[in-house]
Amino acid sequence: MSVSVVYWSGTGNTQAMAEAVAEGIRSAGAEANVLEVANADAAALASESAFALGCPSMGAEQLEESEMEPFVESLEPLVSGRKILLFGSYGWGDGEWMRDWAERMRNAGAVLVRDEGVIANESPDEEALEQCRAAGKELAAGA
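Residues numbered from 1 in each chain as written. Predicted model: local features only at pLDDT ≥ 70, side-chain atom pairs only at ≥ 80, totals over all residues. Heavy atoms only, no water.

A. Molecular detail of the overall build of the protein. Tallying secondary structure elements over the protein gives five helices and six strands in all. Beginning at the N terminus, the succession of helices and strands in the protein can be written as β-α-β-α-β-α-β-α-β-β-α. On C-alpha atoms alone, the protein measures out to a radius of gyration of 13 Å, which is about the 15 Å that the 2.2 N^0.38 rule sets for 143 residues. Per-residue burial over the protein gives 48% buried out of 143 residues. Long-range pairs, those at least 24 residues apart, make up 76% of the contacts in the protein between residues at least 6 apart in sequence. (Helix = DSSP H or I, 4+ residues; strand = E, 2+ residues; numbered from the N terminus. Rg over C-alpha atoms; globule rule 2.2 N^0.38 Å. Buried < 20%, exposed > 50% of the residue type's maximum accessible area, 1.4 Å probe, protein only. Contact = heavy atoms within 4.5 Å.)

B. Main features of the packing of aromatic side chains. Taken as a whole and assessed by the stated rule, the structure comprises one aromatic pair. A ring pair is formed by Tyr-90 and Trp-97, whose centres lie 5.8 Å apart and whose planes are at 45°; its orientation type is tilted. Judged by relative accessible area, which is 14%, Tyr-90 ranks as buried. (Phe/Tyr/Trp six-rings, centres within 6.5 Å; stacked < 30°, edge-to-face > 60°.)

C. Up close: the nonpolar core. One finds Leu-53, Phe-71, Leu-75, Ile-84, Leu-86 and Trp-101 to be the most contacted residues of the largest nonpolar core, which totals 26 residues. When contributions to this core are tallied by element, the ones reaching two or more residues are helix 2 (42–46), strand 3 (50–54), helix 3 (68–75), strand 4 (83–90) and helix 4 (96–107). Of all the elements, helix 4 adds the most residues to this core, at five residues. Contacts of Trp-101, omitting those with residues within four sequence positions, involve Leu-53, Gly-54, Cys-55, Leu-63, Met-68, Val-72, Leu-86 and Phe-87. Grouped together as the second largest cluster of nonpolar side chains are 24 residues, Val-5, Ala-20, Val-21 and Val-113 included. (Core = buried A, V, L, I, M, F, W, Y, C linked by side-chain atoms within 4.5 Å.)

D. How the structure looks around helix 5 (residues 126–141). In this model helix 5 runs 22 Å from its N-terminal to its C-terminal C-alpha over 16 residues, within 8% of the 22 Å that 1.5 Å per residue would give. Along helix 5, the positions that sit buried rather than exposed are Ala-128, Leu-129, Cys-132, Arg-133, Ala-135, Gly-136, Leu-139 and Ala-140. An end-on view of helix 5 places all buried positions within 170° of arc, on one side of the element. Exposed positions of helix 5 whose direction lies more than 90 degrees from the buried face are Glu-127 and Ala-141. In this structure, the buried side of helix 5 is in contact with strand 1 (2–7), helix 1 (13–27), strand 3, strand 4 and strand 6 (118–121). (Expected span 1.5 Å × (residues − 1). Arc of directions from axis to C-beta.)

E. Here's a closer look at the packing of helix 3 against helix 4. Put simply, helix 3 and helix 4 touch, their axes get as near as 11 Å, and they point 20° apart. Put simply, helix 3 runs roughly parallel to helix 4. From helix 3, Met-68, Glu-69, Val-72 and Glu-73 reach across to helix 4, where they touch Trp-101, Arg-104 and Met-105. Its residues placed into classes, the contact of helix 3 with helix 4 shows four nonpolar, no polar and three charged. (Axes fitted to C-alpha atoms, helices over the stretch in contact; angles between N-to-C directions. Parallel < 35°, antiparallel > 145°, perpendicular 65-115°, else oblique. Nonpolar A, V, L, I, M, F, W, Y, C, P; charged D, E, K, R; others polar.)

Right, dumping it as structure tokens:
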């Protein structure tokens, strides 16, 4: 079984989190397919029973607008019943972008592995990376 981890990263923080999520997926005995969002296909992703999406907070606590937001919009009608893990880093605020994103996915029918995703302030520290690994393991276990 393969579990995809699709992310957008500007500085490498969210990429580091994606790699940690993938480590957790592999530790649960599944294969992890890590993709930058530019290389991902929404319909193919939606054919999986479980997957992870990562994006940092941008601007006024929003998803990255040129690649991640359009991808999430195209994925939204396809996520009902899917197990999804959301993750990302932020530099300001209190994680509102993640709460908004989580609510949006729940409203579309997704089953979230972590209610409010996994977030890290700036560069993820070891505790944040460990949360990513644990969440990846949970995601794979439920796939």
